[in-house]
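Fold and geometry: a report
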Amino acid sequence: ASPRANWNTAQLVKEAGLGAKGQNAEVKVIDLYKLDKFTGCISCFGCKLPANLGKCICKDGLTDVLEEIRTADGLILGTPNYLGEVTAGFRALFERLIFQYLTYKKEVSGYDEKKIPVLFIMTSNVAEDMYDDIGYTAMLAGYKKRLERFIGPVKFMICGQTKQVADYSKYGWTNFDVEAIEQRHKTVFPMEKAKAFALGAKMVSGQWE
């Protein structure tokens, strides 16, 4: 769920996928920003009608994605942190994914048919140890709560202090220690990729709880 096809988030998601593939999983990587036009939930309530219970009926770029997730045995989600939140593309997918399973019935808690492991990767230029103080941890807890209710057990991977652009000198940004960022990207980011790879492999191993 990043509009930047080959940057930090995309690289970590691909590494997690390679880790899963190394354990003989069949892996499909979907770039939301390369899909046909799509929206978040349009509140048509078609997924609450008897003929379509638990299935979003909105036809657009997310239709096939939702079906892929429905039939998958695991889900890896990746998004950069934009203004203290997930990207708009992620939020649209999240609304469509979760709302279709919500029942509004006392007798039935959800229309989800099975639970699958979820790896949620978030990248940011903010350090992970700042997440509690600035509210990012609470924000992620909300996503975790809903994903675990309707999709399955969630593990987070936070990759902070990422390199945002190839050439910082073009922008005149004075908030950053560019030399430190470059050094961290060379030394720490490869370890983050290895961590993502290991988590992808672990997802397939059945030791996710």
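Residues numbered from 1 in each chain as written. Predicted model: local features only at pLDDT ≥ 70, side-chain atom pairs only at ≥ 80, totals over all residues. Heavy atoms only, no water.

Structurally, Thr162 is set in the loop between β3 (154-159) and α6 (178-187). For Thr162, a relative accessible area of 9% corresponds to the buried category. Polar contacts involving the side chain of Thr162 include one to the main-chain carbonyl oxygen of Ser124, which spans 3.1 Å. (Helix = DSSP H or I, 4+ residues; strand = E, 2+ residues; numbered from the N terminus. Buried < 20%, exposed > 50% of the residue type's maximum accessible area, 1.4 Å probe, protein only. Polar contact = N/O pair within 3.5 Å; in protein donor to acceptor, adjacent residues only side chain to side chain.)

Right, let's talk about the packing of aromatic side chains for a bit. According to the stated counting rule, one finds 13 aromatic pairs in the structure shown. For the ring pair Phe90 and Phe94, a centre distance of 6.4 Å and an interplane angle of 15 degrees mean the geometry is stacked. Taken as a pair, Phe90 and Phe94 lie in helix α3 (residues 88-99) at a separation of 4 residues, close to a single helical turn. Each member of the pair, Phe90 as well as Phe94, is classed as buried. (Phe/Tyr/Trp six-rings, centres within 6.5 Å; stacked < 30°, edge-to-face > 60°.)

A few words on the confidence of the model for the protein. Confidence in the prediction of the protein, expressed as mean pLDDT, is 95, and 100% of residues score 70 or more. Summarising per-element confidence for the protein, the mean pLDDT is lowest in α6 (93) and highest in α3 (98). (pLDDT = per-residue confidence, 0-100.)

Attention shifts here to the layout of surface pockets. The space that makes up the largest pocket amounts to roughly 1000 Å³. Forming the boundary of the largest pocket are 36 residues, of which Val27, Lys28, Val29, Gly74 and Ile76 lie nearest the centre. Listed by contribution, the elements that provide at least two residues to the lining of the largest pocket are α1 (8-21), α2 (63-71), β1 (75-80), α3 and α7 (189-205). When grouped by side-chain class, the residues that make up the lining of the largest pocket number 21 nonpolar, 7 polar and 8 charged. (1 Å grid on protein atoms, 1.4 Å probe; cavity = no way out; pocket = protein on both sides within 12 Å on 5 of 7 lines; lining within 4 Å. Points joined across faces, edges and corners; volume = space filled by probe spheres on them. Nonpolar A, V, L, I, M, F, W, Y, C, P; charged D, E, K, R; others polar.)

With that out of the way, let us pick up the environment of Lys144. Tracing the backbone through its elements, the reader meets Lys144 in helix α5 (residues 136-150). In sequence terms Lys144 and Val118 are 26 residues apart; their C-alpha atoms lie 9.4 Å from each other. Apart from residues no more than four positions distant in its own chain, Lys144 is found in contact with Val154 and Phe156. (Contact = heavy atoms within 4.5 Å.)

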